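Here is how the chains run, residue by residue.
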Amino acid sequence: MSSGRPAGLPGVDATAPYALVVTGRITRADVPALCAELEAMLAPGPEAPGGAVVDCDLAGVVRPDLAVVEAVARLSVIARRAGGRTLRLRRTPPELAALLDLVGLADVITVAE
């Protein structure tokens, strides 16, 4: 018996129809584009999947700073405005988790282990 690799992104819940992957060095100039990408993903349409959770994979973020914190905060607001969805952070770098805690967002944004 052989077992293949699981489909999809590692660490992202297969039952959550929305997944946003954030990679690289994020600057304040990148935040509006990330927000637009999530808004387009969550836009209602005939083929839009349902679901209350938006997974955000942050494993590829380089040197997390307050620009990434701003992006996460704004993405969370966009998810909530799009039908009360929850932004769930996956594979969050420890430095970013510490920053979210420092600015008081750790209690508001779901950080999955």
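Residues numbered from 1 in each chain as written. Predicted model: local features only at pLDDT ≥ 70, side-chain atom pairs only at ≥ 80, totals over all residues. Heavy atoms only, no water.

### Digging into the overall build of the protein
- Across its full length, the protein holds three helices and four strands.
- Listing each helix as α and each strand as β along the protein from the N terminus yields β-α-β-α-β-α-β.
- For the protein, restricting intrachain contacts to residue pairs at least 6 apart in sequence, the fraction spanning at least 24 positions comes to 78%.
- As displayed, the protein offers around 6700 Å² of accessible surface, 56% of which is attributable to carbon and sulfur atoms. (Helix = DSSP H or I, 4+ residues; strand = E, 2+ residues; numbered from the N terminus. Contact = heavy atoms within 4.5 Å. Areas by Shrake-Rupley, 256 points an atom, 1.4 Å probe, with all protein chains shown as cover.)

### Quick word on the pattern of salt bridges
- Taken as a whole, this structure holds six salt bridges when the rule is applied.
- Between arginine 28 and glutamate 70 there is a salt bridge, with the nearest N and O atoms lying 3.1 Å from each other. With arginine 28 in the loop between strand S1 (18-24) and helix H1 (31-42) and glutamate 70 in helix H2 (residues 66-81), this residue pair connects regions lying 42 residues apart in the sequence.
- The class of arginine 28 is exposed, set by a relative accessible area of 60%.
- A relative accessible area of 21% means that glutamate 70 is categorised as partly exposed.
- With a closest N to O distance of 2.6 Å, aspartate 55 and arginine 88 form a salt bridge. A residue pair is termed long-range when its members are at least 10 positions apart, and aspartate 55 in strand S2 (residues 53-61) and arginine 88 in strand S3 (residues 86-90) qualify at 33 residues. With respect to burial, aspartate 55 and arginine 88 carry one shared label: buried.
- Residues participating in the shared-partner salt-bridge network are Arg28, Glu70 and Arg74. (Salt bridge = Lys/Arg side-chain N within 4 Å of Asp/Glu carboxyl O. Buried < 20%, exposed > 50% of the residue type's maximum accessible area, 1.4 Å probe, protein only.)

### Quick look at helix H3 (residues 94-102)
- For H3, the set of buried residues is Leu96, Leu99 and Leu100. Projected down its long axis, H3 carries its buried residues within an arc of 100°, all on one side. Residues of H3 that are exposed and angled more than 90 degrees away from the buried face: Pro94, Asp101 and Leu102.
- Buried residues along H3 sit against S2, H2, S3 and strand S4 (110-111).
- Remark: glycine 104 follows H3 within two positions and exhibits a positive phi of approximately 90°. (Arc of directions from axis to C-beta.)

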